[in-house]
Amino acid sequence: MPLVKPPRLLLLGAPGSGKGTQTTKLLLQFPKINSLSSGDILRNQINSGTSIGLEASKYIKNGKLVPDTTMVRLITKQLHEMDWLDKKAAWLLDGFPRTSNQAVALDNTLHTNNSNINMVVELDVDQKVILERIEARWVHVPSGRVYNLDYNPPRVPFKDDITGEPLSKREDDTAEVFQKRLDQYNKEIGSLKDFYNNKDVLYKVSGSTSDVIFPKLSNLILQNFGV
Ligand code: G5P
Ligand code: MG
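A quick note: this is a predicted structure, and the numbers were derived from the prediction, not measured.

Here is what the cut-offs are and how they apply
Residues numbered from 1 in each chain as written. Chains lettered and ligands numbered in written order. Predicted model: local features only at pLDDT ≥ 70, side-chain atom pairs only at ≥ 80, totals over all residues. Heavy atoms only, no water. Buried < 20%, exposed > 50% of the residue type's maximum accessible area, 1.4 Å probe, protein only. Helix = DSSP H or I, 4+ residues; strand = E, 2+ residues; numbered from the N terminus. Pairing = 2+ DSSP bridges. Axes fitted to C-alpha atoms, helices over the stretch in contact; angles between N-to-C directions. Parallel < 35°, antiparallel > 145°, perpendicular 65-115°, else oblique. Left-handed = near helix turned anticlockwise from the far one by under 90°. Contact = heavy atoms within 4.5 Å. Nonpolar A, V, L, I, M, F, W, Y, C, P; charged D, E, K, R; others polar. Core = buried A, V, L, I, M, F, W, Y, C linked by side-chain atoms within 4.5 Å.

Student: Please clarify how the pairing of strand β3 (residues 91-94) should be interpreted in this entry.
Tutor: The two faces of a sheet get side chains in turn, since along a regular strand they alternate between them. Alternating residues of β3 divide into Trp91 and Leu93 and Leu92 and Asp94, and every residue in both groups is buried. Two elements, strand β1 (residues 8-13) and β3, share four bridges in a ladder whose sense is parallel. Across the sheet, leucine 11 pairs through a bridge with aspartate 94, a residue of β3.

In structure tokens, the structure reads:
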């Protein structure tokens, strides 16, 4: 079923809940949607050794959030460059905004352009199952492609399926840093959900695996934006 209205989506969810995994699946089903992951952008900045990357690395490896001002500036620039402020653009955000300050700043930018977020979906996964997932996660930083040695292993061990380049571990995917990221998420998520609930765009999909969550998420998008 084609989409008739442009979705402008935000995925919320704890670290390891499957935001990146669901994004990949959604882009395959809905090729007109573009995506942007704030974590992927930051990891590419770190890999390229930029000043933003140097600053961000200090926070990321300690499981802390990068300051709002840095994030808002970085993502707003990307939105302009990608023409996402055009109200006909269909897109999906993963990982930004993740504080209410970021949400207000984004809302102001989008509102000026009449292109507000029209669906926010919380991925609700039992937080007890996700530490195992991220300990088995390997990533291809340039593309953001994500693998898991059990759930979706690469075709050739530790090599990206598309480029054949080596995969790497994220520096924040340790048990100790993961717990800090989870605590940070649990601290911020209430006010973020309140912000979008007040705008009447908040939904939740629950499940213990990404294969259970995906059809629910896909149906939600079809019901709201399909023919
Ligand atoms: P990120 O990069 O945004 P997080 O912590 O929000 O990081 P993360 O860890 O990227 O989220 P995810 O995308 O929700 O998790 O999960 P995923 O990668 O798809 O899945 C996790 C693993 O589980 C993968 O290996 C996947 O293959 C596997 N998997 C998926 N589904 C299943 C399943 O059903 N079963 C099994 N067994 N496995 C499965 O942010 C990183 C840092 O950047 C900074 C912060 O420091 C943050 O901590 N940052 C920001 N700081 C401030 N403001 C912002 N807006 C920021 N954005 C990023
Ligand atoms: Mg991710």
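What follows continues from the structure just given.
Student: Mind showing me how you'd approach the pairing of strand β4 (residues 119-124) here?
Tutor: In terms of residue burial, β4 counts as a mostly covered element, since five of its six residues are buried. Note that β1 and β4 share five bridges and pair parallel. Residue pairing in the sheet places leucine 10 in a bridge with valine 120 of β4. When β4 meets strand β7 (residues 202-206), the two strands line up parallel, connected through five bridges. Each bridged residue has a counterpart across the sheet, and for glutamate 122 the counterpart in β7 is lysine 204.

Student: Is there a simple way to explain unusual backbone geometry in this structure?
Tutor: Most peptide bonds adopt trans geometry, and most residues besides glycine take a negative phi value. Omega for the peptide link from phenylalanine 96 to proline 97 comes to -5°, which places this bond in the cis form. For asparagine 114, which is not glycine, the phi torsion reads 60° and is therefore positive. Among the secondary structure elements, asparagine 114 is positioned in the loop between α5 (100-112) and β4. Here aspartate 200, not a glycine, exhibits a phi torsion of approximately 65°, which is positive. The residue aspartate 200 is located in the loop between α7 (175-197) and β7 in this model.

Student: It is not clear to me how the packing of helix α4 (residues 68-81) against α5 should be interpreted in this structure. Could you clarify?
Tutor: Helix-helix packing: each pair is described by the crossing angle between the helix axes and the interaxial distance. At their nearest, the axes of α4 and α5 sit 10 Å apart, and the two run at 30° to each other. With respect to their mutual orientation, α4 and α5 come out roughly parallel. Where α4 crosses over α5, the handedness of that crossing is right-handed. The segment α4 lies against α5, with Asp68, Met71, Val72, Thr76 and Leu79 engaging Asn101, Gln102, Ala105, Leu106 and Thr109. Residue composition of the contact of α4 with α5, grouped by class: five nonpolar, four polar and one charged.

Student: Is there a simple way to explain the nonpolar core in this structure?
Tutor: Where a protein is soluble and globular, its nonpolar side chains tend to be buried together. Leu93, Ile117, Val121, Tyr196 and Ile221 are the most contacted members of the largest nonpolar core, which has 54 residues in total. Once residues within four sequence positions are removed from consideration, isoleucine 221 is found in contact with Leu3, Leu9, Leu26, Phe30, Met119 and Gly226.

Student: I would appreciate a short explanation of the sheet that holds β7 in the present structure.
Tutor: Where strands meet in a sheet, backbone hydrogen bonds hold them as pairs that are either parallel or antiparallel. Across the sheet, which stays open at both edges, the five strands sit in the order β2-β3-β1-β4-β7 with parallel pairing between neighbours. With partners counted over all chains shown, the strands left at the sheet margins are β2 (34-37) and β7, one partner each. Adjacent strand axes in the sheet meet at a mean angle of 20°, parallel and antiparallel pairs treated alike. Direction of pairing for β2 relative to β3: parallel, over a ladder of four bridges. Across the sheet, residue leucine 36 finds its bridge partner in β3, namely leucine 93. Sheet strands touched by helix α2 (residues 38-48): β2 and β3. Its angle to β2, the strand with the most contacts, is close to 60°.

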